[in-house]
Amino acid sequence: MDEKFDEQLLILYASQTGNAMDAAERLGREAERRGCPSVSVLSIDEFQPIDLPNKEAVIFIVSTTGQGDNPDSMKGFWRFLLQKNLTKEWLKGVQYAVFGLGDSSYQKYNFVAKKLDKRLSDLGATAIIERGLGDDQHPSGYEGALDPWMSALWNMLDQKNHKLLPNGPDFVSLDATFIDQPKIQIIYHDVEEGVPPLSSDTELKYLEMQLERARSMTPGNFSGNDRPDCFLKMTKNHLLSRPDSGKDVRHFEFEAVSSSIEYEVGDVLEVLPGQSPAAVDAFIRRCNLNPDSYITVQPRSTENHHLLNQPLSPVKLKSFIELTMDVASASPRRYFFEVMSFFATAEHEKERLQYFASPEGRDDLYQYNQKERRTVLEVLEDFPSVQMPFEWLVQLVPPLKTRAYSISSSHLAHPNQVHLTVSVVSWTTPYKRKCTGLCSSWLATLDPQRRVFIPAWFRKGSLPPPPPSLPLILIGPGTGCAPFHGFVEERALQSKTVSTAPIIFFFGCRSDRDDFLYRDFWLSHSQNNGVLSGDKGGGFYVAFSRDQPQKVYVQHKMREQSMKIWSLLSQGAAVYVAGSANKMPSDVFSVFEEIVSTESGVSREAALRWIRTLEKAGKYHVEAWS
């Protein structure tokens, strides 16, 4: 092999929720166990893409997010790869493999892995193995495809680059007593460095300080700015759906208690949820921790870590858990069970944990853990002989993540306020266990009379704010109506001072009686020269799916208004779609194809090309969530 190459197996991951990181770290551990002399596992944003031609073998583990989007950490890397000045031989001699994590219920399934694979090949790199595609819909999740792909990878890597696996593809270090050191170390401190809360003002400052300290020392789990844009206080908690309707949809209003609020319609609010105090206390008791001790968390290794460039101030152990470790909502990863097996003192527990961590136990683990959405606390309680050191818990307990919601207000209409429309998530598992969404159920319990500070971040979503002169076709069933509530509020204000273009809005819900969200708001704007009124060239159309024997969805209402939709599209209208990611976005897309084909008299293929052109021109936007 040419002198220019690093003789190292480099594994790069692009993760949005942590699954790709987990898969990459597992791949790295497997490579080391198979005797690979040098392995490096990095987040893709920690790697300089200009160095790619100097790498001998690179494995990419990448997830697809949203509607075929790159994870945030991959955006810079992908922009670099698309540069026009990169030649078809830029990566000549570089061997690569791609494994994608996606969900086949989405239209652009594993889109990121597919386009990365093609681009690397176009730039002259050689595939070690055909790309692998993990699917959340598989009975074992993405691991159903990852396990066989990894086995094939070791065989092909051995054939194409034997020195990376000098002992052959089948060699595995089977030292059952061996476990790596945790990646982090915890230092305990004698005294508190901070002031306990005395008043509501110092209480906020204390929370701000604890949050910043805790999140800044959490290894590799958070991207972007750890400091919240502001802290919010809830001022309204209003039930939108009918009580006892089987749905719990809320309208929440918040005001800023620290810095002022700034956002545009179409933006997203990220909220850090509070955890149940009882669950946090139970976790602390189960793990024999002292909630009042003060700690700093540092990486054991000095490589590639931002924490070593800054002095760390101690944080209270209980605060660290509350603000950074998801102990009672997220399910632990597979490696958690492997590490647990080393600390189990009861033989039957050790055997079960080893089985769960093995390829043979993969499907049973998926049924026990992910399918049942078992929490870290529940798993630890199921294996009472396990006493894991706190370092391992900090490393392996899933991070407490912010939850993102479409903003349903206009800042012009509500200065220093932000509104959300939230469906309180609850479901029953295959074994009939009742589960609830951490953030939505927490928000639903908040009393506006009580002073609870909510850390919040404002982000750009997938729906850019439209200028007043742009005609709009909006499709938002269920809580998909949230961003469009803000759009309509804003355009109603704009219409008082400037001439505004028409809006047609297609809303869908189960029934007129149970969950017609914001009914009075939409109807008032669709009458008396309102921005949704026929007088203004607009329209408001509701599909009640269960108010008649046959189900009616937004797609049916769109077909009924086929001529009106085509007329607005011909005037340069933009399309905005928001709501559940399951089938709705692709069904709506198909109806647009049908309408363009029928109304303009062209083939379905030509209609599809026309809509793709609309997408490229930035006039077809989708924001969907699972």
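Rules and cut-offs
Residues numbered from 1 in each chain as written. Predicted model: local features only at pLDDT ≥ 70, side-chain atom pairs only at ≥ 80, totals over all residues. Heavy atoms only, no water. Helix = DSSP H or I, 4+ residues; strand = E, 2+ residues; numbered from the N terminus. Rg over C-alpha atoms; globule rule 2.2 N^0.38 Å. Contact = heavy atoms within 4.5 Å. Areas by Shrake-Rupley, 256 points an atom, 1.4 Å probe, with all protein chains shown as cover. Lys, Arg positive; Asp, Glu negative; His and termini not counted. Charge placed at Lys NZ, Arg CZ, Asp CG, Glu CD. Axes fitted to C-alpha atoms, helices over the stretch in contact; angles between N-to-C directions. Parallel < 35°, antiparallel > 145°, perpendicular 65-115°, else oblique. Left-handed = near helix turned anticlockwise from the far one by under 90°. Nonpolar A, V, L, I, M, F, W, Y, C, P; charged D, E, K, R; others polar. Buried < 20%, exposed > 50% of the residue type's maximum accessible area, 1.4 Å probe, protein only. Arc of directions from axis to C-beta. UniProt positions renumbered as here; feature names shortened; annotations may be inferred. Polar contact = N/O pair within 3.5 Å; in protein donor to acceptor, adjacent residues only side chain to side chain. 1 Å grid on protein atoms, 1.4 Å probe; cavity = no way out; pocket = protein on both sides within 12 Å on 5 of 7 lines; lining within 4 Å. Points joined across faces, edges and corners; volume = space filled by probe spheres on them.

Chemist: In this structure, what is going on with the overall build of the protein chain? I would like to understand it.
Modeler: Looking only at helices and strands, the protein chain has 19 helices and 22 strands in total. For 626 residues, the compact-globule estimate of 2.2 N^0.38 gives 25 Å, and the protein chain sits close to it at 26 Å. Oriented by its inertia axes, the alpha-carbon framework of the protein chain measures out at about 75 × 65 × 50 Å. Relative to all contacts within the protein chain whose residues are 6 or more apart in sequence, the contacts with residues 24 or more apart total 78%. For the protein chain, the accessible area works out to roughly 27900 Å², and carbon and sulfur atoms hold 49% of it. Computed over 68 positive and 78 negative side-chain charges, the inter-centroid distance for the protein chain is 5 Å.

Chemist: How should the packing of helix H8 (residues 334-343) against helix H9 (residues 347-357) be read in this particular structure?
Modeler: Two packed helices can be described by the angle between their axes and the distance between those axes. At a closest axis distance of 8 Å, the pairing of H8 and H9 adopts a crossing angle of 150°. With respect to H9, the element H8 is oriented roughly antiparallel. The handedness of the crossing between H8 and H9 is left-handed. The segment H8 lies against H9, with Arg334, Phe337, Glu338, Met340, Ser341 and Phe342 engaging Lys350, Leu353, Gln354, Phe356 and Ala357. Class assignment for the residues of the contact of H8 with H9 results in six nonpolar, two polar and three charged.

Chemist: What's the story with H9 in this structure? I'm lost.
Modeler: At 3.6 residues per turn, the α-helix brings residues three or four places apart onto the same side. Within the sequence span of H9, burial applies to Glu349, Lys350, Leu353, Phe356 and Ala357. The arc enclosing the buried residues of H9, seen along the axis, measures out at 125°, which places them on a common side. On the buried face of H9, the contacting elements are H8 and helix H10 (362-368).

Chemist: How should I be thinking about the UniProt feature "binding site: FAD" (unreviewed entry) in the protein chain in this particular structure?
Modeler: This chain's UniProt record puts "binding site: FAD" (unreviewed entry) on Arg373, Arg403, Ala404, Tyr405, Ser406, Gly437, Leu438, Cys439, Ser440 and Trp625. With the annotated positions falling across 253 residues, the maximum pairwise C-alpha distance of 25.0 Å shows that they are not confined to a single cluster. As for its position among the elements, Arg373 is in the loop between H10 and helix H11 (376-382). On the basis of relative accessible area, Arg373 is assigned to the partly exposed category, the value being 38%. With respect to the secondary-structure elements, Ser406 resides in strand E13 (residues 403-406). Of the residues examined, Ser406 reaches a relative accessible area of 9% and is grouped as buried. Those residues within four positions of Ser406 in sequence are excluded, and the remaining contacts are Asp267, Leu420, Ala482, Pro483, Glu623 and Trp625. Polar contacts involving the side chain of Ser406 include one to the side chain of Glu623, which spans 2.8 Å.

Chemist: I tried to follow empty space enclosed by the protein on my own but got confused; where do I start?
Modeler: The rolling of a water-molecule-sized probe over the atoms marks out the regions of remaining empty space. Counted by the stated rule, this structure contains three cavities of 30 Å³ or more. Its boundaries defined by the atoms lining it, the largest cavity holds a volume of some 40 Å³. A class-by-class count of the residues in the lining of the largest cavity yields three nonpolar, five polar and no charged.

Chemist: Just to check I follow, could you spell out the environment of Gln555 for this structure?
Modeler: As for its placement among the helices and strands, Gln555 is situated in helix H16 (residues 554-560). Along the primary structure Gln555 and Gly508 are separated by 47 residues, whereas in three dimensions their C-alpha atoms are 9.4 Å apart. Here Gln555 is in contact with Asp587, Val588 and Val591, once residues within four sequence places are set aside. Engagement of the side chain of Gln555 in a polar contact is seen with the side chain of Asp587, the distance being 3.5 Å.

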